[in-house]
Amino acid sequence: MTVKIEESWKTALQSEFDKPYFAELVAYLHAEKRSGKTIYPPGPQIFKAFDLTPVDKVKVVILGQDPYHGPGQAMGLSFSVPDGVPAPPSLRNIFKEVQDDLGIRMSGRPNLENWARQGVLLLNAILTVRAGEPASHGAIGWQQFTDAVIRYVSDHCDNVVFMLWGNFARSKAPLIDSSRHLILEAAHPSPLARGAFFGSRPFSKANRYLEQTGRGPVDWQL
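This structure is a prediction, so every number in the text was calculated from the model and none was measured.

### Side note on the side chain of Lys-59
And then number 1: Within the secondary structure, Lys-59 is located in the loop between helix H3 (48-52) and strand E2 (60-64).
And then number 2: Buried charge without a partner: Lys-59 forms no salt bridge, and the closest opposite charge is Glu-211, 9.7 Å away.
And then number 3: At 3.0 Å, the side chain of Lys-59 and the backbone oxygen of Gly-216 are in polar contact.
And then number 4: Leave out the neighbours within four places in its chain, and Lys-59 touches Gln-118, Gly-119, Asn-159, Val-160, Val-161, Leu-210, Arg-215, Gly-216, Pro-217 and Val-218.

### Section: helix H6 (residues 142-156)
And then number 1: Its 15 residues place the ends of H6 21 Å apart at the C-alpha level, agreeing with the 21 Å of an ideal helix rising 1.5 Å per residue.
And then number 2: Regarding H6, the residues found buried are Trp-142, Phe-145, Thr-146, Asp-147, Ala-148, Val-149, Ile-150, Val-153 and Ser-154.
And then number 3: Contact partners of the buried residues in H6: helix H1 (7-17), helix H2 (20-34), H3, E2, strand E3 (120-124) and strand E5 (161-165).

### Concerning the packing of aromatic side chains
And then number 1: This model, assessed by the stated rule, comprises 19 aromatic pairs.
And then number 2: Between Phe-22 and Phe-145, the aromatic rings sit 5.4 Å apart at their centres with planes inclined by 50°, giving tilted as the arrangement. Here Phe-22 is found in helix H2, whereas its partner Phe-145 is found in helix H6, with 123 residues between them in sequence. The same class applies to Phe-22 as to Phe-145, namely buried.
And then number 3: Three or more aromatic residues joined by ring pairs make a cluster, and in this case those are Trp-9, Phe-17, Tyr-21, Phe-22, Phe-47, Phe-50, Trp-142 and Phe-145.
And then number 4: In this arrangement the basic side chain of Lys-96 is found over the ring face of Phe-198, its NZ or CZ atom lying 4.7 Å from the centre.

### Focus on helix H4 (residues 89-102)
And then number 1: End to end, H4 covers 20 Å across 14 residues, agreeing with the expected 20 Å (1.5 Å per residue, within 8%).
And then number 2: Three or more residues of H4 are buried, namely Ser-90, Leu-91, Asn-93, Ile-94, Phe-95, Glu-97, Val-98 and Asp-101.
And then number 3: Residues of H4 that are buried in the fold lie against helix H5 (113-117), E5 and helix H8 (202-212).
And then number 4: Phi turns positive one or two residues past the end of H4, at Gly-103, with a value near 70°.

Conventions adopted
Residues numbered from 1 in each chain as written. Predicted model: local features only at pLDDT ≥ 70, side-chain atom pairs only at ≥ 80, totals over all residues. Heavy atoms only, no water. Helix = DSSP H or I, 4+ residues; strand = E, 2+ residues; numbered from the N terminus. Buried < 20%, exposed > 50% of the residue type's maximum accessible area, 1.4 Å probe, protein only. Lys, Arg positive; Asp, Glu negative; His and termini not counted. Salt bridge = Lys/Arg side-chain N within 4 Å of Asp/Glu carboxyl O. Polar contact = N/O pair within 3.5 Å; in protein donor to acceptor, adjacent residues only side chain to side chain. Contact = heavy atoms within 4.5 Å. Expected span 1.5 Å × (residues − 1). Phe/Tyr/Trp six-rings, centres within 6.5 Å; stacked < 30°, edge-to-face > 60°. Lys NZ or Arg CZ within 6 Å of the ring centre and 35° of its normal.

What follows is the structure in C-alpha cells.
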C-alpha cells in the first residue's frame, strides 16, 4: 500500500502498511468520509508528526492519546494546535511546567512545530478522530500502528526520551527498552489531574539526558 509519509518512516514502517489491518483502517476512513463524517485532522496532516521528525532525528517522543475533536484544532501533532487557535487547557499546563522547570517565558504560541523540527516526535496513539466524538477512532487499528512506531524507535534508535503522561500513555512503557532510552512518566497535564503534572520537570530531565548522551538539548522556548 502506498502511503504519503516522510521517506525514512515509509521505509521503516512499510511492513505495517502492507498488513491487512492497515488496509482495513484506510478503508474505514474512506467509508467515514463517504458517509459525510468530518474527520480530524485533515488528510494531508494525519502523518505530520512523521513528516516533521524523520526517524534519525528523533530525540524525544511525547505521546498523546487522540487528536483534538473540535474544528480547526487538530494538526497531526500531539497537544499542538495551529497558530491563531487558543491553546487548550492541557497545552497551557505544559507551557506552565516548561516555564517553572526551565525558568523561561513561553510566548503562548500553541503551534509546536518548532519542537517537532528539533526532533520531538509529537505522536498521538490514535491518529484520527470523528468531529465532536473523542476516541471515536480508538478501535480501528491506529494503536496497532503506533505501537509499532514506538517499538521501532525503541529498537532502532538510541538515547531517546519518552514522555508518558497519564495512565494511557504510561501503559505503553512495556514497548520501550529502558536500558537504551529514558522513560519519564508523569500525570497527565489535563486540569482533570488536579495539578499532579506540575513539578514533574520533564523538560530539564530530558535535556540533561540528551546532553549526557551527546545528542544535544532541545530548545523548548516558543
